[in-house]
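# A structural walkthrough
What follows is each chain in one-letter form.
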Amino acid sequence: MGSQVSMDVGAVHVVIVGGGFGGIAAASQLQALNIPFVLVDMKDSFHHNVAALRASVESGFAKKTFISYSVTFKENFRQGLVVEIDLKNQTVLLEDGEALSFAYLILATGSTGLFPGKFNQVSNQQMAIQAYEDMVTQVQSSQSIVVVGGGSAGVEMAAEIKTEYPDKEVTLIHSQMALADKELLPCVRQEVKEILLRKGVQLLLSERVSNLEALPLNEHRERIMVRTDKGTEVAANLVIACSGIKINSVAYRGAFGDQLASDGALKVNEYLQVEGYSHIYAIGDCADVREPKMAYHASLHANVAVANIVNSMKQRPLKAYKPGSLTFLLAMGRNDGVGQISGFYVGRLMVRLAKSRDLLVSTSWKTMRQSPP
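Residues numbered from 1 in each chain as written. Predicted model: local features only at pLDDT ≥ 70, side-chain atom pairs only at ≥ 80, totals over all residues. Heavy atoms only, no water.

### Examining the environment of Ser342
Convention followed: Strands here mean DSSP runs of E at least two residues long; helices mean DSSP runs of H or I at least four residues long; both are numbered from the N terminus. Note on contacts: a residue pair qualifies if any of its non-hydrogen atoms lie within 4.5 Å across the two residues.
By the secondary structure assignment, Ser342 is in the loop between strand E20 (337–341) and strand E21 (344–346). Separated by 17 residues in sequence, Ser342 and Ser325 have C-alpha atoms that sit 4.6 Å apart. In this view, Ser342 contacts Ser325, Leu326 and Thr327; residues no more than four positions away in its chain are not counted.

See below:
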């Protein structure tokens, strides 16, 4: 797919809403194919949020996780908030009044969640980096830290803190007995628990924090009392919440009421086209595909969506997306990890080489064709 596509430039225009992993993969491919496109995001930089948790504990790391859109995509990038998708007139309306017309639309809006795991706000690169450097200061100032939520983000957060600051007291509170994601092999989930225990993380399992809404998050305090539904009390200086990831459907919810799944994702066919719309694709977290929401999958979706836009233009058969066996790597600090590749268990050595050391940061800089700082 490296060769350029000959076409009437005025007739085809792709708008990509959302510049996460799926969005930048699609934009990079369209750029290489010389297909006109505009990428829209409310930030001015791509956020490599796979490394967001390390950027919260290691000073100087955050600058590696934000990569300018305009340096790579130049005039094909717009920083703005999408307020409406007009299906009748095939336009995307931005908050500043600009209307972007499209022949094809790729929705790649991702998911939202709490900081520091996610950074979903209108921002510039320097403000975003500073938000993480401020978080590092909060962590450094705190001797006792509670992490709420034991999914993949929570276990990685607890491990990152304990790796960087072994003398800090870290307690992970999780409402389930098993840690990490339910799609993972039981032996992987058990090894996650063993790694945390080896690092000295205190685990409170099958307990739910009952006063979370009243707690100050990501702010050092002299004493914060965290309470659970089992009556347990934990005193802390800092509380970090790693739960509540939601599909980011704000941009398209008004236009696609009938195509929404219960979680807000868009119902798609096997070609990743939104049901009923052959010129509109949904990729990444906002596509209702039966597989875990992961950066790796978003990039695979982008490949299919771009291929199918080209196939449509050339009136060729479309390419179907087939979810494969699960590949899922958990970085438990820079020196440890566990996961599975195509459904098979892999241990710390493989995960450390593949992910833990740089958290795939170099991959995103390569996709954006820029050199890391």
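Still to come is the rest of the account.
### Concerning helix H6 (residues 186–199)
Here is the rule we go by: One fewer than the residue count of a helix, multiplied by 1.5 Å, yields its expected span. The buried label applies to any residue whose accessible area, calculated with a 1.4 Å probe on protein chains only, is under 20% of its type's maximum; exposed applies above 50%, and partly exposed to all values in between. In this description, one arc is meant: the one made by directions from the helix axis to the C-beta atoms.
Over its 14 residues, H6 runs 20 Å from end to end, which matches the ideal 20 Å to within 8%, given 1.5 Å per residue. Those residues of H6 that sit buried are Val188, Arg189, Val192, Ile195, Leu196 and Lys199. One face of H6 carries all of its buried residues, which in axial projection span an arc of 115°. The exposed residues of H6 that point more than 90 degrees off its buried face are Pro186 and Arg198. Where H6 is buried, its residues touch helix H5 (152–164), strand E12 (169–174), strand E13 (202–205), strand E19 (328–331), E20 and E21. Just downstream of H6 lies Gly200, where phi reads positive at about 95°.

### Here's the deal with the environment of Arg221
Threshold: Contacts described as polar in this section are N or O atom pairs within 3.5 Å, which, within protein, must combine one atom able to donate a hydrogen with one able to accept it, while residues neighboring in sequence count only if both atoms come from side chains.
In this structure, Arg221 sits in the loop between E13 and strand E14 (224–227). By relative accessible area, which is 36% here, Arg221 ends up partly exposed. Residues Arg221 and Val82, 139 residues apart in the sequence, show an inter-C-alpha distance of 37 Å. Among the polar contacts made by the side chain of Arg221, one reaches the side chain of Glu219 at a distance of 2.7 Å.

### Some remarks on the packing of aromatic side chains
Rule in force here: Stacked, tilted and edge-to-face are the three classes assigned to paired rings of Phe, Tyr and Trp, where Trp is represented by its six-membered ring and a pair needs centres within 6.5 Å; plane angles under 30 degrees give stacked, over 60 edge-to-face, the rest tilted.
The tally for this structure, following the rule as stated, stands at nine aromatic pairs. Ring geometry for Phe37 against Phe73: centres 5.9 Å apart, planes inclined by 85°, an arrangement best described as edge-to-face. One end of the pair, Phe37, is in strand E2 (residues 37–41); the other, Phe73, is in helix H3 (residues 69–73), and 36 residues separate them in sequence. As far as burial versus exposure is concerned, Phe37 and Phe73 are alike and both buried. Seen in terms of ring centroids, Phe256 and Tyr277 are 5.5 Å apart; in terms of plane orientation they differ by 90°. Their pairing is edge-to-face. Placement of the pair is Phe256 in the loop between strand E17 (246–247) and strand E18 (280–282) and Tyr277 in the loop between E17 and E18, with a sequence separation of 21 residues.

### Some details on the pattern of salt bridges
The following threshold applies: A carboxyl oxygen of Asp or Glu within 4 Å of a side-chain nitrogen of Lys or Arg is what we treat as a salt bridge.
Going through the model one piece at a time under the given rule, you end up with 12 salt bridges. One salt bridge connects Arg54 with Glu160, and the closest N-O pair in it is separated by 3.0 Å. In this pair, Arg54 sits in helix H2 (residues 52–55) while Glu160 sits in helix H5, placing the two residues 106 residues apart along the sequence. Lys355 is the partner of Glu156 in a salt bridge, and the nearest nitrogen-oxygen pair spans 3.6 Å. Taken as a pair, Glu156 in helix H5 and Lys355 in helix H8 (residues 348–356) lie far apart in primary sequence, 199 residues in all. The exposure classification of Glu156 matches that of Lys355, with both residues buried. One connected set of salt bridges, linked through shared partners, spans Glu191, Arg198, Asp336 and Arg348.

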